[in-house]
Amino acid sequence: MKKIILLPLFVVFGLALVSGCVTIRTWPDSERNAENKMDVIQEKIGDGLKTGALSPDQSQLFLTKLKDIRTDYTALRGKRVYRDEWDRLLARLDALEEEINRAHARPSKIEEPRNGDRIVSLQRRIDDGRISGRLPRTEEREFQARLDAIRRDYSRMTEEGRSTSYEERTDLSRRLDSLEADLNRFR
């Protein structure tokens, strides 16, 4: 009778032992998969920064998230853990990759030359007009004074990273357009 009672007890104990051995172990495939995903994500962040699809702030945010995941990866690597710990880490990597893909997919705004570039270009044109003699002295002084005023306003708008309103940027661009049109008369 004792043997009959002990047999099911041994079977249950054996199954518990086997299931425990199966679930708590190292997961080299998951390690390699996580390493590959982290490399791909790192590359996507770098490419996005190079192409301008990601701003420096976005890139820094993504790199910080990746660093946190990499820290957790280092804690799991080579250790005997449950499978779901690796699954959670891989799910975080997938979510980060998807977030980066969404940021890449946002349509980038095709802009005209920036106001700073336009100011430099107009300064060159004024200088060229003065050197070549195409600009009369009075017009050259007037154009230079207008450009200096625009440059001061532009510097004020961009100092210390302050955000500018749409109206301010539009007004500056309109003034640059006007100066450029006036300069075109003396070609």
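Provided above is the structure to which this section pertains.
The notes below deal with the structure included here. As the structure is a computational prediction, the values presented were derived from the model and not from experiment.

**Thoughts on helix α3 (residues 56-76)**
Next up, step 1: For α3, built from 21 residues, the straight-helix expectation of 30 Å at 1.5 Å per residue is met to within 8% by its first-to-last C-alpha distance of 30 Å.
Next up, step 2: S59, F62, L66, I69, Y73 and L76 are the residues of α3 that are buried. Along the axis of α3, the buried positions cluster into a sector of 95°, meaning they face one direction only. Exposed side chains of α3 directed beyond 90 degrees from the buried face belong to P56, D57 and K67.
Next up, step 3: As for α3, its buried residues are in contact with α2 (28-51) and α4 (83-105).

**A few points about a negative patch on the surface**
Next up, step 1: Residues E35, D39, E43 and D47 make up a contiguous surface patch of negative charge.
Next up, step 2: Within the element layout of this structure, D39 appears in helix α2.

**Topic: the packing of aromatic side chains**
Next up, step 1: Counted according to the given criterion, the structure contains 1 aromatic pair.
Next up, step 2: Seen in terms of ring centroids, Y73 and W86 are 5.9 Å apart; in terms of plane orientation they differ by 70°. Their pairing is edge-to-face. On the criterion of sequence distance, the pair formed by Y73 in helix α3 and W86 in helix α4 is long-range, its members being 13 residues apart. This pair shows no difference in class: Y73 is buried, exactly as W86 is.

**Remarks on the pattern of salt bridges**
Next up, step 1: Taken as a whole and assessed by the stated rule, the structure comprises 19 salt bridges.
Next up, step 2: Among the salt bridges present, the one from E142 reaches R146, with a minimum N-O distance of 3.5 Å. A residue pair is termed a helical-turn pair when its members lie 3 or 4 positions apart in one helix, as E142 and R146 do in helix α6 (residues 137-158) at 4 residues.
Next up, step 3: For E142, a relative accessible area of 39% corresponds to the partly exposed category.
Next up, step 4: With a relative accessible area of 22%, R146 lands in the partly exposed category.
Next up, step 5: As a salt-bridge pair, R175 and D171 come within 3.9 Å of each other at their nearest N and O atoms. Taken as a pair, R175 and D171 lie in helix α7 (residues 166-184) at a separation of 4 residues, close to a single helical turn.

**What about the environment of H104?**
Next up, step 1: Within the secondary structure layout, H104 lies in helix α4.
Next up, step 2: Given a relative accessible area of 29%, H104 falls into the partly exposed group.
Next up, step 3: Distance in space between the C-alpha atoms of H104 and L54 is 6.7 Å, their sequence separation being 50 residues.
Next up, step 4: Look past the residues within four positions of H104 in its chain and what remains in contact with it is K44, D47, G48, A53 and L54.

Conventions used here
- Residues numbered from 1 in each chain as written.
- Predicted model: local features only at pLDDT ≥ 70, side-chain atom pairs only at ≥ 80, totals over all residues.
- Heavy atoms only, no water.
- Helix = DSSP H or I, 4+ residues; strand = E, 2+ residues; numbered from the N terminus.
- Expected span 1.5 Å × (residues − 1).
- Buried < 20%, exposed > 50% of the residue type's maximum accessible area, 1.4 Å probe, protein only.
- Arc of directions from axis to C-beta.
- Contact = heavy atoms within 4.5 Å.
- Patch = residues over 30% accessible without salt bridge, like charges linked within 9 Å, V, L, I, M, F, W, Y side chains within 5 Å.
- Areas by Shrake-Rupley, 256 points an atom, 1.4 Å probe, with all protein chains shown as cover.
- Salt bridge = Lys/Arg side-chain N within 4 Å of Asp/Glu carboxyl O.
- Lys, Arg positive; Asp, Glu negative; His and termini not counted.
- Charge placed at Lys NZ, Arg CZ, Asp CG, Glu CD.
- Phe/Tyr/Trp six-rings, centres within 6.5 Å; stacked < 30°, edge-to-face > 60°.

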